[in-house]
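Spelled out, the chains give:
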Amino acid sequence: MSIEFPHIRPRRLRLNESLRRMMQETTLNPADFVYPLFVRHGRDIQHPIQSMPGVFQWSIDKLIGEIEEVAALGIPAVMLFGIPEKKDAYGSENYNPEGIIPRAIRAIKETLPELIVISDMCFCEYTDHGHCGVINQKNQKEFTPGLPEGYLLNDPTLELLGRASVVHAQAGADIIAPSGMVDGMVGEIRRALDTDGLHHVTIMSYAAKYSSGFYGPFREAAESAPGFGDRKQYQMDPANSREALKEVALDVAEGADILMVKPALPYLDIIAAVRRTYNLPIAAYNVSGEYSMIHAAAANGWLDLKRCAVESLISIKRAGADMILTYFAKDAVKWLETS
Ligand code: PBG
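Residues numbered from 1 in each chain as written. Predicted model: local features only at pLDDT ≥ 70, side-chain atom pairs only at ≥ 80, totals over all residues. Heavy atoms only, no water.

Peer 1: Go over the overall build of the protein chain, please, and point to the residues and values.
Peer 2: The helix and strand inventory of the protein chain stands at eleven helices and ten strands. Radius of gyration (C-alpha) of the protein chain: 21 Å, near the 20 Å computed for a compact globule of 339 residues. Referenced to the eigenvectors of the C-alpha coordinate spread, the extents of the protein chain come out at roughly 85 × 45 × 40 Å. Accessible area of the protein chain: about 15500 Å², with a carbon and sulfur share of 53%. Taking the 34 positively charged and 43 negatively charged side chains of the protein chain as two groups, their mean positions are separated by 6 Å. (Helix = DSSP H or I, 4+ residues; strand = E, 2+ residues; numbered from the N terminus. Rg over C-alpha atoms; globule rule 2.2 N^0.38 Å. Areas by Shrake-Rupley, 256 points an atom, 1.4 Å probe, with all protein chains shown as cover. Lys, Arg positive; Asp, Glu negative; His and termini not counted. Charge placed at Lys NZ, Arg CZ, Asp CG, Glu CD.)

Peer 1: Let's hear about the packing of helix α2 (residues 60–72) against helix α3 (residues 100–111): which residues, and what values?
Peer 2: Here α2 crosses α3 at 45°, and the two axes come no closer than 10 Å. Put simply, α2 runs oblique to α3. Crossing of α2 against α3: the hand is right-handed. The segment α2 lies against α3, with I60, L63, I64, I67 and E68 engaging I100, R103, A104, A107, I108 and T111. Taken together, the residues of the contact of α2 with α3 sort by class into eight nonpolar, one polar and two charged. (Axes fitted to C-alpha atoms, helices over the stretch in contact; angles between N-to-C directions. Parallel < 35°, antiparallel > 145°, perpendicular 65-115°, else oblique. Left-handed = near helix turned anticlockwise from the far one by under 90°. Contact = heavy atoms within 4.5 Å. Nonpolar A, V, L, I, M, F, W, Y, C, P; charged D, E, K, R; others polar.)

Peer 1: Explain the pairing of strand β8 (residues 258–262) to me, and be specific about the residues and the numbers.
Peer 2: Across the five residues that make up β8, a large majority, five, are buried. Of the two faces of β8, the one lined by I258, M260 and K262 and the one lined by L259 and V261 are each fully buried. Bridge analysis of strand β7 (residues 202–209) against β8 gives five bridges, and the strand direction is parallel. Residue pairing across strands places S205 opposite L259, the latter belonging to β8. Where β8 meets strand β9 (residues 282–286), three bridges bridge the pair, whose relative direction is parallel. Among the inter-strand pairings, L259 is bridged to a residue of β9, identified as I282. Traced from β8 through helix α8 (residues 268–277) to β9, the parallel crossover comes out right-handed. (Buried < 20%, exposed > 50% of the residue type's maximum accessible area, 1.4 Å probe, protein only. Pairing = 2+ DSSP bridges. Right-handed = clockwise from strand over helix to strand, strands pointing away.)

Peer 1: How would you sum up the site of the ligand? Please name residues and give values.
Peer 2: In the vicinity of the ligand, 19 residues are found, and the nearest of them are K209, R219, K262, S288 and Y327. A distance of 2.6 Å separates an oxygen atom of the ligand from a polar atom in the side chain of R219. Burial of the ligand by the protein chains amounts to 100% of its free accessible area of 400 Å². (Near = heavy atom within 4 Å. Polar contact = N/O pair within 3.5 Å; in protein donor to acceptor, adjacent residues only side chain to side chain.)

Peer 1: Outline unusual backbone geometry, listing residues and values.
Peer 2: Residue P263 follows K262 across a cis peptide bond; omega there is -10°. Within the secondary structure, P263 is located in the loop between β8 and α8. In this structure, D44 is a non-glycine residue whose phi angle is positive, near 60°. If you trace the backbone, D44 turns up in the loop between β1 (33–40) and β2 (46–48). A positive phi angle, near 50°, is found at E223, a position not held by glycine.

Peer 1: I'd like a rundown of the packing of aromatic side chains, residues and numbers included.
Peer 2: The tally for this structure, following the rule as stated, stands at twelve aromatic pairs. With a centroid separation of 6.1 Å and an interplanar angle of 45°, the aromatic rings of Y285 and Y327 are classed as tilted. With Y285 in strand β9 and Y327 in the loop between β10 (323–326) and α11 (329–338), this pair connects stretches of sequence that are 42 residues apart. Owing to a relative accessible area of 1%, Y285 belongs among the buried residues under this scheme. On the basis of an interplanar angle of 55° and a centroid distance of 4.6 Å, the ring pair of Y291 and F328 is categorised as tilted. Residue Y291 is found in helix α9 (residues 288–299), and its partner F328 is found in the loop between β10 and α11; the two are separated by 37 residues along the sequence. With respect to burial, Y291 and F328 carry one shared label: buried. (Phe/Tyr/Trp six-rings, centres within 6.5 Å; stacked < 30°, edge-to-face > 60°.)

Peer 1: Please give an account of the pattern of salt bridges that cites residues and values.
Peer 2: Applying the stated rule across the entire model yields 19 salt bridges. Across the salt bridge formed by D174 and K109, the nearest N and O atoms sit 2.7 Å from each other. Placement of D174 in the loop between α4 (154–171) and β6 (175–178) and of K109 in helix α3 is noted, with a sequence separation of 65 residues between them. Under the relative-accessibility criterion, D174 is labelled partly exposed at 23%. For K109, a relative accessible area of 18% translates into the label buried. Here E142 and K141 are joined by a salt bridge, their closest N and O atoms 3.3 Å apart. When salt bridges that share partners are traced, they join E66, E69, K330 and K334 into one network. (Salt bridge = Lys/Arg side-chain N within 4 Å of Asp/Glu carboxyl O.)

Structure (structure tokens):
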């Protein structure tokens with residue numbers, strides 16, 4: 001045999017299905033997934049989201065059937081997004097104990113107390129201007145002349161985040177997930193929860209959240225598009241990775257229990273960097289646009305839906321995520337059962 005001929009042949013380990021299964025480094029399980037759900041007021045509503053096949057806005061009565069299905073599949077957790085009846089400058093429905101999310105949480109906990117309920121903690125669905133907190137506006141008491149009009153005011157927003165987190169936790173939320181990229185949000189929410197004796201409530205911080213075009217379909221689903229401008233003053237520039245580690249470091253110092261990177265697929269390097277640097281559990285959000293683009297291509301016959309969805313989920317886990325928030329969760333569990 002010539003010296004050049006390879007003695008090491010990696011293909012030996014790919015010879016057949018049994019060997020390939022033995023060599024598999026990463027596996028997906030139902031416990032890896034969190035299923036996001038949109039909930040709105042009313043009865044008997046299952047309103048489809050055009051750009052997200054299989055995703056709906058649910059009224060609470062119908063939501064219960066859906067979460068029973070989620071739990072039966074072995075998915076341990078859901079993430080809730082609320083569409084309020086009315087919106088105002090402060091997003092006050094977010095801290096109304098009779099608001100859509102506290103009601104939904106109570107209903108879920110009555111039926112399925114073991115299902116982990118994660119509450120997305122942000123104001124964009126609740127404010128009339130669609131931004132993630134209090135905006136600098138001339139007629140308001142928080143008006144700060146040194147800052148531009150329309151600027152998201154950090155500290156007044158913190159106070160409201162703390163208040164809404166306590167309301168959601170009192171309703172039974174197991175995990176509060178602040179997603180607004182407001183400075184100090186984790187520390188303030190921890191302080192507010194602890195002051196109310198809610199020490200047992202976990203904080204999953206959207207620690208490195210980018211200003212992403214991939215949130216497009218979500219804004220239809222959550223009715224939360226900003227009324228003016230964009231979110232670049234608070235969400236991160238997709239070009240930055242050192243800044244992600246700085247954001248994550250701050251959230252760790254402020255007491256985050258779980259760190260999230262969002263979106264997932266265009267930011268696998270960030271997931272891997274956070275994994276290498278910290279020992280906390282890491283979540284990754286496989287966002288609406290990542291879901292919709294695979295569906296759209298599959299509907300055109302250009303991609304195989306199941307194969308590409310599972311491949312993207314496994315790549316997120318391989319990069320270092322311990323849990324994946326994904327609209328594919330239910331389908332993925334069914335596909336894994338039949339593969
Ligand atoms: C903010 C929030 C957003 C998403 C989750 N939480 C939207 C945004 O930041 O504009 C996006 C999730 C997705 O695209 O699936 N409440």
